[in-house]
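Structure at a glance
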Amino acid sequence: MRPKTPGNWGFFLNMQKKYPHLLALILGVITVLLYWPGLGGTFFYDDYSNLNALSSIANLHQFIEFVFSGNAGPLGRPIALLTFGLQSAYWPGGGTILLGTNVAIHACNTILVFYLCRQLRLLTHNTCEASRSDNEFALIAAAFWALSPILASSSLILVQRMTGLSALFVLLGLLGYLRCYSHFKNHPRQQLLVQALILGAATVLSALSKENGVLLPSLAFAIEIALLNNTVVVQKYRNIRLAVLGLSVAVFLVYLSPLARPWFEINEYRGFSSWQRVQGELVILWRYIYLTLFPKIAYFGPFQDQVDLGYSVEAIGLSAFAWLLITGVAFGLRKRNPWPWFAVLWFLIGHMIESGPLLLEPYFEHRNYIPLLGIATLIAHASSVAIKHWGNLARLAIYGYLTILAAILLTLASLWGKPLEAANFWVETNPGSIRAVVHQVNLSMSSDSTALAENNMNTIQINRMMVAIKLLDKTTQWCKDCLSIYMQTLAYSCIIEEPDKTRVRLAKIDELLAQPKISIDITSVDGTAALGSLVVNQRCPAVQYTDIEKILNAMLAHEKQATSPGLVARIYYQLATLAYAEQRYDEVEKIISTADKKWPDAQPVIEFRIEYYLQHSSRIAAINYIREKMAQHQRNEVHLPRSYLIDLERRLQELEKNEN
């Protein structure tokens, strides 16, 4: 016999029965309050690499360019970038507003999770009227999901707004899809059409926020196959739904399978193969579940680069066996109790992209944002069963557990809200994380948000150059005479490598140019300009002007191998700029004149000669040169753009006026 509920639960239970919408709203508000201390937090590595262009938005054109220039994923994520662009005025100093928007999205998602879980419960019970227990089921599921500390980084890392926005459209799409069953229960064709439109639109919107959104049809398949087998209102056209939604799962499985990608090839950048990643993720998924149920603050944070895939064969084998066992048991019990089967199916489908064979970093907590909903519904179902049998004792334990989660979340958010203290904590608890150390150093050295952004961008640029050098060096292994690759590598080496290593790379270029035949292309020639700029700005101590001049003269020796006649003129132009930088003005006129003869249409050469005459010769010389160029154009000896001709005429008039 079920124990009687004591009177002190009466008000709360009455709220569940009569005011479920108010309870959902209150839960959303509580979520915001718990995250509130974290709004004083700072930005991190990925925030700067994806959002630093916000500081350059000054007009509509730049705004549009920012929205459609994303490179965080193959689709660019323009919807997420749109929300950031609208808040560009707050970057990088308005962290409270920016992070507050993330938390607001999480609160909205919390309310959507409540309604989605309630709708799932109603459909499994073949009813349209929610009982108090249905509302309590949805409340427990939503509270567990919203208050889980493992999801904190999804809101407190600014760029992870992409995760929250993508989930927002997923939840809206699924809720709309399920609501169609009751709204169009007497019109099955309209029901099917509207469901298709809702899922299609929500999938597009979600994927344009973050690519995980493409899993939306697969998640709908998990609901259909696990929970709605015995639901009366879904039976009409059910086979069509299952076929289409099941096809989406099949497409992803093929896309991720060895049929579509080299599973056993070690990736040079990541250092592991797809097969190794899949094996490691079998262990990591269990770690996610453990930290969800038994959260520990020391294990949560923005820096997880210390996590690798070096698990033992025993750990991988045990994890794989555990997944097979739990999946098999859940499948076997699905007719008696569908919720464990749904939880397993949902969790694994939700992790299919980011925790599968794709060569991403192994571990990030925010990857659980949608998958965790499966576990939340299982917790809610187990709670409902416990309450049914043990009444308020079970209820006390359940809400006590949720209170503990809330307390841990509050403590975690408070830590994130103290940037320097948090940085020190993350270095102590993640001693193998290079990013944690770099973040701590940048934070301690920066006096304000602008300086912090600049320091982080410098770090990002250095990391990118290191990766670029690694990839370029690999390219030269099979393209041993690709001069342009060596030149590009030398420029990166100037900035981040020791001078001795840079001199070795320089010697390799000299050796390459000493060969009888070597192809000279525009990238090779322009590479000398990049080197010259680094030398001028004292960013390349290992290279001198004489080294660049030697390279250019060696290129001239291969004039016949130049891929176009204009390249020779470019070489002379670069030689002229070097002579000018070293104040060898007596040589400049001779060199730039040669460049002009080789490429009389080149605007950079024309501009160089005009400025040279004005600075180191006479205004008359500049006037005569402009007149000669215009006369050459009239004789069809050169072909200059009309806009440039107009500019030359204007400048000629100004010079003649000043001369008179």
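Throughout, a residue's number is its position along its own chain's written sequence, starting from 1. In keeping with the model being predicted, local features are shown solely for residues with a pLDDT of at least 70 and side-chain atom pairs are shown and tallied solely at 80 or more, while totals for entire chains, interfaces and linings include all residues. Here the side-chain values reflect all heavy atoms present in the structure, with hydrogen atoms and water set aside.

**Notes on the overall build of the protein chain**
Along the backbone of the protein chain there are 28 helices and zero strands. Across its three principal axes, the protein chain shows a C-alpha extent of roughly 105 × 55 × 50 Å. Relative to its full complement of 660 residues, the protein chain shows a buried share of 51%. Whether two residues touch is decided by their heavy atoms; if any such pair falls within 4.5 Å, the residues are in contact. Put simply, of all contacts in the protein chain between residues at least 6 apart along the chain, 73% involve residues at least 24 apart. Accessible surface computed for the protein chain: about 30900 Å², of which carbon and sulfur atoms make up 61%. Residues scored as positive are Lys and Arg, those scored as negative are Asp and Glu, and His as well as the terminal groups of each chain are ignored. A charge is said to be at NZ when it belongs to Lys, at CZ for Arg, at CG for Asp and at CD for Glu. The protein chain carries 55 positive and 48 negative side-chain charges, and their two centres are separated by 16 Å. Going along the chain from the N terminus, every DSSP run of H or I of four or more residues is numbered as a helix, and every run of E of two or more is numbered as a strand. Under the scheme applied here, a residue whose accessible area is under 20% of the maximum for its type counts as buried, over 50% as exposed, and between as partly exposed, the area being computed with a 1.4 Å probe on protein chains only. Throughout, the Shrake-Rupley method with a 1.4 Å probe supplies accessible areas, and for residues the shown protein chains are the sole cover considered.

**Quick notes on the nonpolar core**
W145, L174, L178 and L373 are the most contacted members of the largest nonpolar core, which totals 128 residues. Excluding residues that lie within four positions of it along the chain, L178 makes contacts with L116, Q119, L120, L123, I223 and L228. Core analysis: the next-biggest nonpolar cluster, separate from the first, contains 57 residues, L490, L513, A576 and I623 among them. By nonpolar core is meant a set of buried Ala, Val, Leu, Ile, Met, Phe, Trp, Tyr and Cys residues that side-chain atoms within 4.5 Å join together.

**Quick notes on the side chain of N102**
With respect to the secondary-structure elements, N102 resides in helix 6 (residues 95-124). Exposure remark for N102: the relative accessible area of 3% places this residue in the buried category. By the criterion applied in these results, polar contacts are pairs of N or O atoms within 3.5 Å in which, for protein atoms, one can donate a hydrogen and the other can accept it, and in which residues neighboring in sequence qualify only through two side-chain atoms. In terms of polar contacts, N102 uses its side chain to reach the backbone carbonyl oxygen of S155, at 3.2 Å. Polar contacts involving the side chain of N102 include one to the main-chain carbonyl oxygen of L158, which spans 3.1 Å.

**Describing the state of the cysteines**
Two cysteine sulfur atoms form a disulfide, by the criterion used here, when they sit within 2.5 Å. With the rule as written, the count across this model stands at one disulfide. One disulfide in the model links C494 with C540; its S-S distance is 1.9 Å. Remark: C540 occurs in the loop between helix 22 (522-536) and helix 23 (545-556) and C494 occurs in helix 20 (residues 483-496); sequence separation between them is 46 residues. Unpaired in this structure, C117 has its nearest cysteine sulfur neighbour in C108, at a distance of 16 Å. Under the relative-accessibility criterion, C117 is labelled buried at 0%.

**Digging into helix 18 (residues 434-445)**
For a helix, the expected span equals 1.5 Å multiplied by the residue count minus one. The terminal C-alpha atoms of helix 18, which comprises 12 residues, lie 17 Å apart, in line with the 16 Å expected from a rise of 1.5 Å per residue. For helix 18, the complete set of buried residues consists of A436, H439, N442 and L443. Down the axis of helix 18, the smallest arc covering the buried residues is 130°, so these residues share one side. Structural note: helix 18 exposes I434, S444 and M445 on the side pointing more than 90 degrees away from its buried face. Directions pointing from the helix axis toward each C-beta atom define the arc.

**Overview of a nonpolar patch on the surface**
A surface patch of nonpolar side chains, about 620 Å² in accessible area, is lined by Y19, L22, L25, I26, V29, I30 and L33. Summarising the element assignment, I26 is placed in helix 2 (residues 20-35). Residue class for I26 comes out partly exposed when judged on its relative accessible area of 35%. Patches were defined on residues exceeding 30% relative accessible area and lacking a salt bridge, with like-charge contacts within 9 Å and nonpolar side-chain contacts (Val, Leu, Ile, Met, Phe, Trp, Tyr) within 5 Å. By convention in these notes, a salt bridge is any Lys or Arg side-chain nitrogen within 4 Å of a carboxyl oxygen on Asp or Glu.

**Focus on the pattern of salt bridges**
Counted under the stated rule, the structure contains 27 salt bridges. Residues E136 and R132 are paired through a salt bridge, measuring 3.1 Å at the closest nitrogen-oxygen approach. Remark: R132 and E136 occur in helix 7 (residues 132-147); sequence separation between them is four residues, near one turn of the helix. Here R651 and E611 are joined by a salt bridge, their closest N and O atoms 3.7 Å apart. With a gap of 40 residues between them, R651 in helix 28 (residues 642-659) and E611 in helix 26 (residues 603-616) connect regions that are remote in the sequence. Of the residues examined, R651 reaches a relative accessible area of 15% and is grouped as buried. Overall, E611 belongs to the partly exposed group, its relative accessible area being 37%.

**Here we look at the packing of helix 1 (residues 10-18) against helix 2**
It is the contact of helix 1 with helix 2, at a shortest axis distance of 5 Å, that shows an interaxial angle of 110°. Our classification of the angle between helix 1 and helix 2 gives roughly perpendicular. Along the contact surface, helix 1 presents F12, M15, Q16, K17 and K18, while helix 2 presents P20, L22, L23 and I26. Per-class residue counts for the contact of helix 1 with helix 2 are six nonpolar, one polar and two charged. In this analysis an axis means a line fitted to C-alpha atoms, helices contributing only their contacting stretch, and an angle means the value between N-to-C directions, from 0 to 180 degrees. Every angle not falling under 35 degrees, over 145, or within 65 to 115 is termed oblique; those three ranges are roughly parallel, roughly antiparallel and roughly perpendicular. For this scheme, ten residues count as nonpolar: Ala, Val, Leu, Ile, Met, Phe, Trp, Tyr, Cys and Pro. Four count as charged, namely Asp, Glu, Lys and Arg, and the remainder, Gly too, count as polar.

**Some words on the side chain of E224**
Note that E224 resides in helix 11 (residues 216-227). Look at E224 and you get buried, because its relative accessible area is 0%. Among the polar contacts listed, one links the side chain of E224 to the side chain of Y177, at a separation of 2.6 Å. A polar atom in the side chain of E224 sits 2.8 Å from the side chain of R238.

**Comments concerning the packing of helix 20 against helix 21 (residues 499-513)**
When two helices pack together, their arrangement is captured by the angle between the axes and the distance separating the axes. With their axes 9 Å apart at the nearest point, helix 20 and helix 21 run at an angle of 160° to one another. Viewed along their axes, helix 20 and helix 21 adopt a mutual orientation that is roughly antiparallel. You can see that helix 20 and helix 21 cross each other, and the crossing is left-handed. Contacts from L483, Y486, M487, T489, L490, S493 and C494 in helix 20 reach K501, T502, R505, L506, K508, I509, L512 and L513 in helix 21. Split by residue class, the contact of helix 20 with helix 21 holds nine nonpolar, three polar and three charged. Note on convention: the crossing is left-handed when the near helix lies turned anticlockwise from the far helix by less than a right angle, right-handed when the turn is clockwise.

**A look at the environment of G271**
Looking at where G271 falls in the secondary structure, it is placed in the loop between helix 12 (238-256) and helix 13 (274-293). Counting along the chain gives 88 residues from G271 to L359, while the straight-line C-alpha distance between them is 9.5 Å.

**Here we look at the environment of L567**
Here L567 is to be found in helix 24 (residues 565-581). When the C-alpha atoms of L567 and L556 are compared, they prove to be 9.6 Å apart, with 11 residues separating the residues in sequence.

**As for the environment of S257**
If you trace the backbone, S257 turns up in the loop between helix 12 and helix 13. When the C-alpha atoms of S257 and P357 are compared, they prove to be 7.9 Å apart, with 100 residues separating the residues in sequence. At 2.7 Å, the side chain of S257 and the backbone oxygen of V254 are in polar contact.

**Section: the packing of aromatic side chains**
By convention, a stacked pair of Phe, Tyr or Trp rings (six-membered ring in the case of Trp) has centres within 6.5 Å and planes under 30 degrees apart, an edge-to-face pair has planes over 60 apart, and any other such pair is tilted. In total, this model carries 27 aromatic pairs according to the counting rule given. Taking the centre distance of 5.8 Å and the plane angle of 75° together, the rings of Y573 and F608 count as edge-to-face. Within this pair, whereas Y573 is found in helix 24, its partner F608 is found in helix 26, the two being separated by 35 residues in sequence. Classification of Y573 by relative accessible area gives partly exposed; the value is 22%. What makes F608 buried here is its relative accessible area of 14%. Through pairs of rings, three or more aromatic residues link up here, namely F44, F303, W416 and W426. Only when the NZ atom of a Lys or the CZ atom of an Arg is both within 6 Å of the ring centre and within 35 degrees of the ring normal do we say a charge sits over the ring. In this arrangement the basic side chain of R261 is found over the ring face of Y255, its NZ or CZ atom lying 4.7 Å from the centre.

**Side note on unusual backbone geometry**
Along the chain, W91 connects to P92 via a cis peptide bond; the corresponding omega equals 0°. Assignment of secondary structure puts P92 in the loop between helix 5 (78-85) and helix 6. Although it is not a glycine, R77 sits at a positive phi angle of roughly 55°. With a relative accessible area of 12%, R77 lands in the buried category. Of note, N636 is a non-glycine position whose phi angle comes to about 65°, a positive value. With relative accessibility at 55%, the residue N636 sits in the exposed group.

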